[in-house]
Structure formats: C-alpha cells, structure tokens
Amino acid sequence: MKKVVFVLLSVLIPLSASMACTNFIVGKKASADGSVFVTYNADSYGAFMPLYHYPAATHAAGEMRKVYEWDTNKYLGEIAEVPQTWNVIGNSNEWQVTIGETTFGGREEMADSTGIIDYGSLIYIALQRSKTAREALQVMTSLVEQYGYCSEGETFSVADKDEAWMLEMMGCGPDRTKEAGRTVWVAVRIPDDAIAAHANQSRITKFLDGRYVQVKMKDLQNPKAIAKAERLLQKSKAQSLMVCSDNVVSYARAMGWFEGKDADFSYNAAYAEPDFSGRRYCEARVWSFFNRFADDFSEYVPYAAGIEKDAKEMPLWIIPNKKVTIQDLRDAMRDHYEGTPFALDSDIGGGIFQMPYRPSPLSFKVDGVEYFNERPISTQQTAWSYISQMRASLPREVGACFWFGNDDGNMVAYTPMYSCMTRRPKCFAGEGVDDVTFSMDNAYWVCNWVSNMVYPRYSMMFPSLQTVRDSLDASYDRLQPEIEAKALALSTADERIKLLTDYSCQKGDEMISRWQQLAFFLIVKYNDMVVKPTDENGTFLRTPYGHGARVVRPGFPERYAKDLLKQTGNKFLVPQKENK
C-alpha cells in the first residue's frame, strides 16, 4: 500500500514526561484458570509503538550492547552482553516472564543523569536475560547498580507462570557517594490469591514493620533460603515476601527525608508522596480496578478522590470476591469509571455524542481558575495495550499467550500472540512506518484511524465497533483450546513453536483485514452525521431502484438536547402558530 508521510513542525515535549500507564496483576490462585496475568496500557500521547520482537541469540565473550533510551531513541552508552539471550515478544519472553511498568516520577533530584540504563531498556534487557521473575528482579537491580539508572521513579510488574512481584525503583541522583549506592528500590511479592495494580503513583508504603518477611537478593533464588522464609511467613502475621536495596532507608535519612524508626519508613512517603494528582489521576484507576472485585470498596473513595488529606489509603492488593477471567481483564482495561463517583457520563464534557474521553492536558484554566478532567483506565492516547497470560500447567512455548492490541484497549480486539513466536505479523511489525508515516497495512494506524472516527461520535458509532471487537475476542477464546490442543499433540517444541507462530501471524493478518473492513463500513454508514440503514448482517439496504435506502437523521441525543436548552432557554424555540 502507498504510504503517506506528514512532516510537522512542533514544540517537542519530552516523551518520558507524558508516559502515563496502567498495570493490573492477578495471582495464579486469583484467576479462574490458574493463570498469572499482567496487563498494561502504554499511554504515550501519539508515540508509534510496534509489537516488539527480540529473537533468541548467542553472544561472544566481550561483545557489547548499545543502549538507546526507549522513549527518545537517544544513545546512552554500552553494556556487556551475556552469552545467551531469550526470545521476547512484546513484554513477554519464551520462559513466560512478563514485565510491565508505570512511571510515578517522584523526587526530581533523584534522577541519575550519568546512568546509561533507562526504564524501557531495563525491561527488554531483563526479558532477554531472565528465566523467572526472581531472576528478572536480580538482573534489573544489578544492571542499574552497575551502570546507573537514568529514568524517573518507576513501578514495575515482574511476573512469571508461578508468581508476581511489584518492584519500585528510583536513582540516587548524579552526585551520589559510593556509600549511598546508585538506586533505591523495594520489591514485594503479590500473594497468589490476590490482585494488585499500579497507575503512575508509587504504591509501596511501609515494608519493614512486620507485614513482610524480608529476603536478601542474593538468596532470592536459593531454595533453602526461600523455604526458610516461607516457613517464617506461615508462622508469623506477615502477608508476603519482600526484598529491598540495602540503602533504601539510609539514603532517605542522609537526604533529610525521613526520621524515625526503620519500621515506620514508607517508600512512597519518602520518595514519591501522593498528592492530589497522584491520587485522583492515578490511584483512582487502581480504585476502579479493585472496585470491580470487591463487595464494597466505597470506604476508599475519599482517598481516590484526592481531596481529603487524611483519607484511608488503599491496600497494595486485595483478595478478589470472584475468580478473575481474561474477559474480566478486558473489561477492566476498557474502563471509563462507568457506574462510579468518577463516571464521565454525567456532564457535557463528552460532547454531543457522550464520549467517555476528555481532551488533554488533564488540567485547564478558565478565568485564571484551574480545573481538571478525570483520567480513566481507558484513554485515547494508548499506543498499545496487552494482557499477558502465563500458565504453569502448560509447556512454556504454549503457556505464554500475549494478548495484544495496537491502540486504546476499549477500541481494539486483544489478538493472541504466543511468546514463543519467531516472527511477527506484518501489521504489528512496523517496518517503514512511524508516528508521522501512515500505512493501511499497519495495525497502529488502521486501529487509530477507526478509533478517531468513533471518538467524536461515540454513542452513535461505538456500537458498530464494539460488535466487531467483541466478535473477534470471542472467536479467539473459542479457538484457544483448539490450537493449544493441536500444539500439545506435537512431539517437539520446535513443531509447537512453528504452529503457534503461524497461528499468531494468521490472527494478526485477519485482525487488520477485519479492521480495514470496519473503517470502510463506518465511513459509509455514518457519513455526514447521518446513519445509512443496514440489515442484521451489516449489508447496506437499497431502494427498489438501486440507490442506498433513505438515511436516518438521529439529531441530538435527548439528554444533550435537554442540556442545550438549559443553557439557551427559548433561543431556539419554534414559534407556535396563532389560533385563528
């Protein structure tokens, strides 16, 4: 297909400042089928992002790897390669390890401008080097300690087929001393029967007060040390395991950010204390996820609302009131606070057609007074979204399914991409395409084209998109047991990998073809804000003489019409005929 290149002149805003993402974590005993799940919305305000693929490789002794900042492609430096790296598809690897992230920022002076590892590079390097979540934690923390961490504060979801961890990390600034260390971090294991979430706000508070059993990083993969910690966990009132940097408290003391007993130390209070924006824009998304799986989560509304200073803070995780399915996670990733105090359907901000989205930036001023928009989980600036599924009950080449969508999760189907894949579908690869180069063969652009047709006429057009989206999701669900049974019947891992690679590529090809059809259908059906009638199969109706059937002119939705009249009074009142 012909590609169109748009050249724009604009003020450049650092992309890292605009990254604002959402992660959900589901433990294996909290899910309906024993899967560990990690979800991610990469909310990047226009950045072009393909489905990443790093093939497995071997490296010679002394080989170096160039590191480029994920957000900007700026060259940062070189690090030593390892002898073997693993196959990575998106944010999941062939060993069923997944890493997601959200940026919380924190104290600006803690960013290490001398470091050569940024948060994005850290994710993909760790995925290439790790067979388990615990190994990934070791790789990540050792890399930044050796080479320096140049990003803002970050929360990572680090999971495999058996368990999930939440890791929070910050640098120690460019003027650190050797004794201070290069990073401060803490990682908490999410209980198997729990769900957790993070959304651009540091969430780990106190962790040395007895609520966790501490494990040293050097012992994290030592079976005897872990068995001992697990026995202590069962005998104590502690809730889970924890590992942290040696300097995590001492650095805050040295900087004058904390006084008191170690047991009273809170990571986010010292390094990234939640303010109004951290609670309303960020923690409210966590609240909305937890609210789906709690009988009553209203006691935490004041905290999520961000207005009451001393409101009760939310827990790091909850035990869900039902087993979580992949469909539950699709629904959660498509959430706009529907049916909650933060709902977006109670004012005219969504326009004539009640769009559950708001323009950025999040705050705006009128007559010198600042106001804000709600920031839901599902947002128009999402570049890609995924649900990573990891299953200990299956061979690793079958167990890791990376459900991927190249736009806002509400506006796309989650297409199955198995993490053993040795190639990507053309639509997700991104060759010859970028953020200012459109292509009809690329999922990012076709999906965004469809979404941006729908956004301004949401209530009118979204049902058509939803029908296609849900039918694809349902078809993938029906086919998953069948294709996995075929894979398991094969005698070798290589045969399974080929089958699942072919299947994933086929589904990607079918998805973009269906989305192209949807784009053409939408422009015809809803052209000029009218509706062309169709039958139950979506075929456009015609008159006996061959023309399209008479269009339907829906006009204003009733609720918007009433709001309009409240503002305009009798300005648009049609005069009544006088009685004769």
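Numbering of residues begins from 1 in every chain and follows the order in which that chain's sequence is written. Under the rules for a predicted model, residues below a pLDDT of 70 receive no local features and side-chain atom pairs below 80 are neither given nor counted, while totals for whole chains, interfaces and linings still include all residues. Derived side-chain values reflect all non-hydrogen atoms in the structure, with water molecules and hydrogen atoms excluded from consideration.

Points about the pattern of salt bridges
Argument step 1. The salt bridge criterion pairs a side-chain nitrogen of Lys or Arg with a carboxyl oxygen of Asp or Glu, the two atoms within 4 Å. Scanning the entire structure with this criterion turns up 32 salt bridges.
Argument step 2. In this structure, Asp 112 and Arg 182 form a salt bridge, with 3.6 Å as the shortest nitrogen-oxygen distance. In this pair, Asp 112 sits in the loop between strand E11 (98-105) and helix H2 (119-129) while Arg 182 sits in the loop between strand E13 (164-171) and strand E14 (183-190), placing the two residues 70 residues apart along the sequence.
Argument step 3. To sort residues, take the accessible area from a 1.4 Å probe on protein chains only and compare it with the maximum for the residue type: under 20% means buried, over 50% means exposed, and anything in between is partly exposed. Exposure remark for Arg 182: the relative accessible area of 16% places this residue in the buried category.
Argument step 4. A salt bridge links Lys 507 to Glu 510; the shortest N-O distance between them is 2.7 Å. Placement of the pair is Lys 507 and Glu 510 together in helix H14 (residues 493-525), with a separation of three residues, close to one helical turn.
Argument step 5. Accessibility expressed as a relative area gives 7% for Lys 507, which makes it buried.
Argument step 6. Each of Arg 134, Glu 163, Arg 189 and Asp 192 takes part in salt bridges that share partners, so that together they form one network. Comment: elements are numbered from the N terminus, with helices defined as DSSP H or I runs of at least four residues and strands as E runs of at least two.

What to know about a nonpolar patch on the surface
Argument step 1. Patches were defined on residues exceeding 30% relative accessible area and lacking a salt bridge, with like-charge contacts within 9 Å and nonpolar side-chain contacts (Val, Leu, Ile, Met, Phe, Trp, Tyr) within 5 Å. Per-residue accessibility takes into account occlusion by the displayed protein chains alone, with areas from the Shrake-Rupley method and a 1.4 Å probe. The grouping of Phe 364, Val 366, Val 369 and Tyr 371 at the surface amounts to a nonpolar patch, some 330 Å² of accessible area in total.
Argument step 2. Mapped by element, the contributors of at least two residues to the nonpolar patch are strand E19 (363-366) and strand E20 (369-372).
Argument step 3. You can see Val 366 is positioned in strand E19.
Argument step 4. Exposure remark for Val 366: the relative accessible area of 40% places this residue in the partly exposed category.

Examining unusual backbone geometry
Argument step 1. With an omega of 5°, the peptide bond running from Ser 360 to Pro 361 counts as cis.
Argument step 2. Considering the arrangement of structural elements, one finds Pro 361 in the loop between helix H9 (326-333) and E19.
Argument step 3. In this structure, Asn 73 takes a positive phi of about 70° despite not being glycine.
Argument step 4. Mapped onto the elements, Asn 73 comes out in the loop between strand E6 (64-68) and strand E7 (75-80).
Argument step 5. Positive phi, close to 55°, is recorded for Asp 367, a residue that is not glycine.
Argument step 6. Residue placement: Asp 367 occurs in the loop between E19 and E20.

A few points about the environment of Gly 555
Argument step 1. Residue placement: Gly 555 occurs in the loop between H14 and helix H15 (558-568).
Argument step 2. Considered as a pair, Gly 555 and Val 530 are 25 residues apart in the sequence and their alpha carbons are 8.3 Å apart.

A few points about the packing of aromatic side chains
Argument step 1. Whether two aromatic rings pair depends on their centres lying within 6.5 Å, for rings of Phe, Tyr and Trp, where Trp uses its six-membered ring; planes under 30 degrees apart make the pair stacked, over 60 edge-to-face, and the rest tilted. The final tally for this structure, using the stated rule, is 45 aromatic pairs.
Argument step 2. Each residue in the set Tyr 40, Tyr 52, Tyr 54, Trp 70, Tyr 119, Tyr 124, Trp 384, Tyr 386, Phe 402, Phe 404 and Phe 428 is aromatic and connected to the rest through ring pairs, giving one cluster.
Argument step 3. Whether a charge lies above a ring is judged from NZ of Lys or CZ of Arg, which has to be within 6 Å of the ring centre and within 35 degrees of the ring normal. One Lys or Arg, Arg 396, reaches over the ring of Trp 95 and ends 3.6 Å from the middle of that ring.

Some points on the pairing of E7
Argument step 1. Relative to E7, E6 runs antiparallel, the two being bridged by five bridges. Note on E7: the bridge partner recorded for Arg 65 is Ile 79.
Argument step 2. Paired strands, in this sense, are two strands between which DSSP finds at least two bridges. Where E6 hands over to E7, the hairpin turn is made up of six residues, of which Asn 73 adopts a positive phi near 70°.

Focus on the side chain of Asn 406
Argument step 1. Position of Asn 406 relative to the elements: it lies in the loop between strand E22 (401-405) and strand E23 (415-418).
Argument step 2. Reaching out from Asn 406, the side chain makes a polar contact with the backbone oxygen of Met 49 at a distance of 3.1 Å.
Argument step 3. At 3.4 Å, the side chain of Asn 406 forms a polar contact with the backbone nitrogen of Tyr 444.
Argument step 4. Apart from the residues within four sequence positions on either side, Asn 406 is in contact with Met 49, Ala 383, Trp 384, Val 412, Phe 428, Ala 443, Tyr 444, Cys 447 and Asn 448. As used in this structure description, the phrase polar contact means that two N or O atoms lie within 3.5 Å; if the pair is within protein, one of them must be able to donate a hydrogen and the other to accept it, and residues adjacent in sequence are counted only when both atoms belong to side chains. Here, residues are in contact when the closest pair of their heavy atoms is within 4.5 Å.

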